[in-house]
Amino acid sequence: MPTIDVHQHLWPEPLLAALARRRRPPMIFRRGDGWTLRMHGEGEWPVDPRDHDPDRRAALLDAHDVDRALVALSCPLGIEALPADEAAPLLEAYHAGVAELPARFGAWAAVGLAEPDPDALAGLLDRGFVGACVTADALGEPSAVIALAPVLALLERRGAPLFVHPGPSPYTLLAERPVGAPAWWPAMTRYVASMNAAWHAFAVAGRPAHPGLRVCFAMLAGLAPLQRERLVARGGDPATDPLTFVDTSSYGARAIDATIRELGVDALVHGSDVPVVPGREPALGDAVRAALRDRNPARLLSTATEDVFA
Amino acid sequence: MTHPSLTPLGGFERDLDRAALRRLVGEIAARPELWRPLVTIDAESRRFEQLWRDTHIDVWVISWMHGHDTGFHDHDVSQGAVAVVDGALIEERLVLGGAPLERRHGAGAAFDFDASHVHRMRQDFRGPAVSIHAYSPPLWRMGTYAVAPDGTLRRASISYAEELRPVDAAA
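Residues numbered from 1 in each chain as written. Chains lettered and ligands numbered in written order. Predicted model: local features only at pLDDT ≥ 70, side-chain atom pairs only at ≥ 80, totals over all residues.

*Asks:* I keep staring at the overall build of chain B and nothing clicks. Help me out?
*Replies:* A count of helical and extended segments in chain B gives three helices and 11 strands. For chain B, the sequential pattern of α-helices and β-strands runs α-α-β-β-β-β-β-β-β-β-β-β-β-α. Against the globule reference of 16 Å for 171 residues, chain B gives a C-alpha radius of gyration of 16 Å, in line with a compact fold. Viewed in the frame of its principal axes, chain B has a C-alpha envelope of about 50 × 35 × 30 Å. Counting only residues that meet the buried cut, chain B has 42% of its 171 residues in that class. (Helix = DSSP H or I, 4+ residues; strand = E, 2+ residues; numbered from the N terminus. Rg over C-alpha atoms; globule rule 2.2 N^0.38 Å. Buried ≥ 20, exposed ≤ 12 C-beta atoms within 10 Å, placed from the backbone.)

*Asks:* How should helix H11 (residues 286-300) of chain A be read in this particular structure?
*Replies:* Working note: α-helix, 3.6 residues per turn, so residues spaced by three or four point in the same direction. Compared with the 21 Å implied by 1.5 Å per residue over 15 residues, the 20 Å span of H11 of chain A between its first and last C-alpha is a close match. Taken as a whole, H11 of chain A carries its principal kink of about 40° at Leu 292 of chain A. Buried within H11 of chain A we find Ala 287, Val 288, Ala 290, Ala 291, Leu 292, Arg 293, Arg 295, Asn 296, Pro 297, Arg 299 and Leu 300 of chain A. Looking at the buried positions of H11 of chain A, the neighbouring elements they touch are strand E1 (4-9), strand E9 (215-217), strand E10 (244-247) and strand E11 (268-269) of chain A together with strand E11 (153-159) and helix H3 (160-164) of chain B. Positive backbone phi, at 60°, marks Ser 302 of chain A, one or two positions downstream of H11 of chain A. (Expected span 1.5 Å × (residues − 1). Bend = angle between axes of the 7 residues up to and from the residue. Contact = placed C-beta atoms within 7 Å.)

*Asks:* What should I look at first to understand the pairing of strand E4 (residues 79-86) of chain B in this one?
*Replies:* Within a regular beta strand, the side chains point alternately toward one face of the sheet and then the other, so they alternate between its two faces. Residues and elements named next belong to chain B. Burial analysis of E4 places eight of its eight residues in the buried class, which makes it a mostly covered element. As judged from the seven bridges shared by E4 and strand E9 (residues 129-136), these two strands associate in the antiparallel manner. Each residue of the ladder has a partner; that of Gly 80, found in E9, is Tyr 135. Two strands pair when backbone bridges link them, and E4 and strand E7 (residues 110-113) are joined in this way by four bridges, in the antiparallel orientation. (Pairing = 2+ DSSP bridges.)

*Asks:* Looking at this model, I keep getting lost on the sheet that holds strand E1 (residues 47-53) of chain B. Mind explaining?
*Replies:* Strand-to-strand pairing in sheets goes through backbone hydrogen bonds, with the strands running parallel or antiparallel. All names here are of chain B. Read across the open sheet, the five strands follow the order E1-E2-E9-E4-E7; overall the sheet is antiparallel. The strands lining the two open edges of the sheet, one partner per strand, are E1 and E7. For this sheet, the mean inter-axis angle between neighbouring strands, taken without regard to orientation, is 20°. The pairing of E1 with strand E2 (residues 58-64) spans six bridges and is antiparallel. The partner of Arg 47 across the bridge, within E2, is Ser 63. Set on the sheet, helix H1 (residues 18-29) makes contact with E2, E4, E7 and E9; between it and E4 the angle comes to about 25°. (Axes fitted to C-alpha atoms, helices over the stretch in contact; angles between N-to-C directions.)

*Asks:* Can you help me understand the confidence of the model for chain B in this one?
*Replies:* Low-confidence regions, as indicated by low pLDDT, have predicted coordinates that should not be scrutinised in detail. Residues with a pLDDT of 70 or more make up 92% of chain B, whose mean pLDDT is 91. Reported confidence for the predicted complex is 0.90 by ipTM and 0.94 by pTM. (pLDDT = per-residue confidence, 0-100.)

*Asks:* Can you help me understand unusual backbone geometry in this one?
*Replies:* Outside of glycine, negative phi angles account for most residues, and trans bonds account for most peptide bonds. Of note, the bond from Pro 25 of chain A into Pro 26 of chain A is cis; its omega dihedral lies within 30 degrees of zero at -5°. With respect to the helices and strands, Pro 26 of chain A occurs in the loop between helix H1 (13-21) and strand E2 (27-31). The omega angle of the peptide bond from Ser 136 of chain B to Pro 137 of chain B is -10°, so this bond is cis rather than trans. One can find Pro 137 of chain B in the loop between E9 and strand E10 (141-147). The residue Met 219 of chain A is not glycine, and still its phi comes out positive at about 45°. Note that Met 219 of chain A resides in the loop between E9 and helix H9 (228-233). By C-beta crowding, Met 219 of chain A is classed as buried, having 25 other C-beta atoms within 10 Å.

*Asks:* Mind showing me how you'd approach the sheet that holds strand E4 (residues 43-47) of chain A here?
*Replies:* All names here are of chain A. Strand order across the open sheet formed by three strands is E2-E3-E4, with antiparallel pairing between neighbours. Bordering the open sheet on either side are E2 and E4, each of which pairs with just one other strand. Across the sheet, the mean angle from the axis of one strand to that of its neighbour is 35°, orientation sign disregarded. One ladder, built from five bridges, connects strand E3 (residues 34-39) with E4; its direction is antiparallel. In the sheet register, Met 39 faces E4, and the bridge partner there is Gly 43.

*Asks:* What is the right way to read the nonpolar core from this model?
*Replies:* If you look at soluble globular proteins, the nonpolar side chains tend to sit buried side by side. Residue and element names in this part refer to chain A. Counting 130 residues, the largest nonpolar core has Ala 132 and Leu 139 as its most contacted members. For this core, the element with the most residues is helix H8 (residues 190-209), which contributes eight residues. Sequence-distant contacts of Leu 139, that is, excluding residues within four places in its chain, are made with Val 134, Ala 144, Val 145, Leu 148, Val 164, Ala 198, Ala 201 and Phe 202. (Core = buried A, V, L, I, M, F, W, Y, C linked by C-beta atoms within 7 Å.)

Take a look at the structure:
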């Protein structure tokens, strides 16, 4: 059974070129010896193109003992949330670029949010994309989940999973990092809140409408599973379901083990968020390691021969 | 969790006590259509199938063959109950300075234990054995015990996955 990392980012050459052609965020531009990324809400970040080199990434997979990595467009860039005519060339560049990656890479299709297009997504699934990545803000309340029903229904019908990753919707694209806030501010505030919102919105409006859709929330869903006692206290339904997963990106042994306590080990998958953060390995024992890296990703991607619940 | 066939057993809105857990495994034992399809015979190792999990309890069907042995362990903060539905199992409780307390549980027997219980389960029956296990709150961490060369007792804290989702389990 292959070891899978369900959450990496790799900007292929056509996407880097398309971002370099832009004159407003999200864009990359030369500054001094290197490249700088400018995006809405996050300010500027240095970009090292070597982080997105497929050969170097393949070597990193070997170093991390990973057979296969699934790459996604970096939602916080806000590409999916741009007006459709601006998003189209960037989405096309991403899809064209990652489709050319070596076989050990798989890719999540990106979904333009100004005009979500299930037909385009169907075409991408036909080309071998494993499922679709949608930004958390685009699923941040029940009505938003309902608005994306055509996309979710297509995934469900095709047996392809949904990956929910922090990032803006067209309505939240222009939110700015507060003055004086450090670089990690959005990742510790907005991302966490938005993943919690998406988790609960999906439970309320997504699961009832799409009972067969497999879904994975990045970053332990912002620790939403640990809010279940509070959910019950406020009158919510704490039901968990065997088709909902969370990935472990940016978290370590304590948060991962706490989430295992709440959801059971079957619900967690290894997602590293390389190269945003270095891939880390929680020291929770060989059985947890095998569940998160081998068995559970196979179930998320529906390549397992049987489900947990026979 | 929504295993539809378990719904008639009642929702679990709070952690169950030992008596309720014992009733639950007894009710499941009496309905072989729930657990019989999950029985897997494997001479190499015990096989585990999760029948139910929610915030408050988890229920497992465990298939055993001759010689299978858990070693001494505890269930950290979880209480539990076991119903033997096929074959027979030996339960041993650790006694300092003496032989373990041994009980044999044949098909139809059930027992329960609190979180302070340290035991070992093994199978020395000729044919396969099958048991239904329920834990509340759901099993999370466990302790495993071994005697060091100097005779001291050592406890290792492990994830429940080491016991119920072992590395070599089939997908």
